[in-house]
Structures are given as C-alpha cells and as structure tokens.
Amino acid sequence: TELLDMLIGALGMAMKAVAAGPATVQLAHCFSILPKIGLSEADLSDAQLADWAAVAESTGTLIEVNEKWGCPGPRAVRAAIAAGARLVAASDAHLATEVGRYERVADILAEARA
C-alpha cells in the first residue's frame, strides 16, 4: 500500500499544483498505469479513493472516465460521485470511427450508480 499511497499523494499534489493556474484541469485515464505495473484499481483502499476524489472535488479537477482504457472503474467513479467531483467522458479515440463512442463509459457509470 505504500506505493499506492505515493501514487494518490502524487496525484493530489499534481491536481493542486495545476489547479493554481488559469486552466481547468482534466485527469486523463487515471489509474491506467496500475495494470502496467502489476496492480489494479482493486488494490486501492476506500480511504485512498476517498482522498483522491476529495482533492479532485476541492480543486475543480475534471475526472475523465475513459472509453479506451475503461478507467477509472466503477468503484473509483463511485468515490468521485460521493465526493461531488465532476466527471467527463472521453473516448481517447485514435480513429475517426471511435469518436463519440462511449459504451464502456456508460457501463462504468451505470455500475457506479447501482
């Protein structure tokens, strides 16, 4: 959990640092790094997700729910909703045929709200 605490802390510091500027911050496909290092969102504790979501809400950071990467997942999205953080759908499209397609996003949101 120490590595995940570091990740949540770094994300929080990044959101706070960028939020100090004039632009709206959008956190793109957050947690997509975890499977690449042998972890998953399931490894994040409820407290870690609550902390992450609280910083997103307090900084006005938009949390991108990403179609291509399928993340963040329902549990993280549920934490974001509970904290009052704003969500935005993103396709991460690399092909024109992928633009505007949000099947996975819709499933993530439906499961998060269930």
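Use the structure listed above.
Analysis parameters
- Residues numbered from 1 in each chain as written.
- Predicted model: local features only at pLDDT ≥ 70, side-chain atom pairs only at ≥ 80, totals over all residues.
- Heavy atoms only, no water.
- Helix = DSSP H or I, 4+ residues; strand = E, 2+ residues; numbered from the N terminus.
- Buried < 20%, exposed > 50% of the residue type's maximum accessible area, 1.4 Å probe, protein only.
- Contact = heavy atoms within 4.5 Å.
- Areas by Shrake-Rupley, 256 points an atom, 1.4 Å probe, with all protein chains shown as cover.
- Pairing = 2+ DSSP bridges.
- Core = buried A, V, L, I, M, F, W, Y, C linked by side-chain atoms within 4.5 Å.

(A) Highlighting the overall build of the protein chain. The number of helices and strands found in the protein chain is four helices and three strands. The linear arrangement of helices and strands in the protein chain, starting from the amino end, is α-β-α-β-α-β-α. When its C-alpha atoms are laid out on the principal axes, the protein chain stretches across 40 × 35 × 30 Å. For the protein chain, the residues scored as buried account for 37% of the 114 residues in total. Of the contacts formed within the protein chain by residues at least 6 apart in sequence, a portion of 72% connects residues at least 24 apart. Total accessible area on the protein chain stands at roughly 6300 Å², and carbon and sulfur atoms take up 59% of it.

(B) Spotlight on the sheet that holds strand S1 (residues 26–27). In space, the three strands of this open sheet follow the order S1-S2-S3, with parallel pairing throughout. Here the strands that pair on one side only, and so sit at the sheet edges, are S1 and strand S3 (86–90). Relative to S3, strand S2 (residues 62–66) runs parallel, the two being bridged by five bridges. By the bridge assignment, Ile63 is partnered in S3 with Leu87.

(C) Broad picture of the nonpolar core. Counting residues in hydrophobic clusters, the biggest one holds 19 residues, and the most contacted among them are Leu11, Met15, Phe31, Leu44, Leu49 and Trp52. Breaking this core down by element, the ones donating at least two residues are helix H1 (2–19), helix H2 (46–59) and helix H3 (74–83). Apart from residues lying up to four places away in sequence, Phe31 is in contact with Leu7, Ile8, Leu11, Glu41, Leu44, Leu49, Trp52, Cys71, Pro72 and Ala76. Counting six residues, the second largest nonpolar core, distinct from the first, contains Val65, Val105, Ile108 and Ala112.

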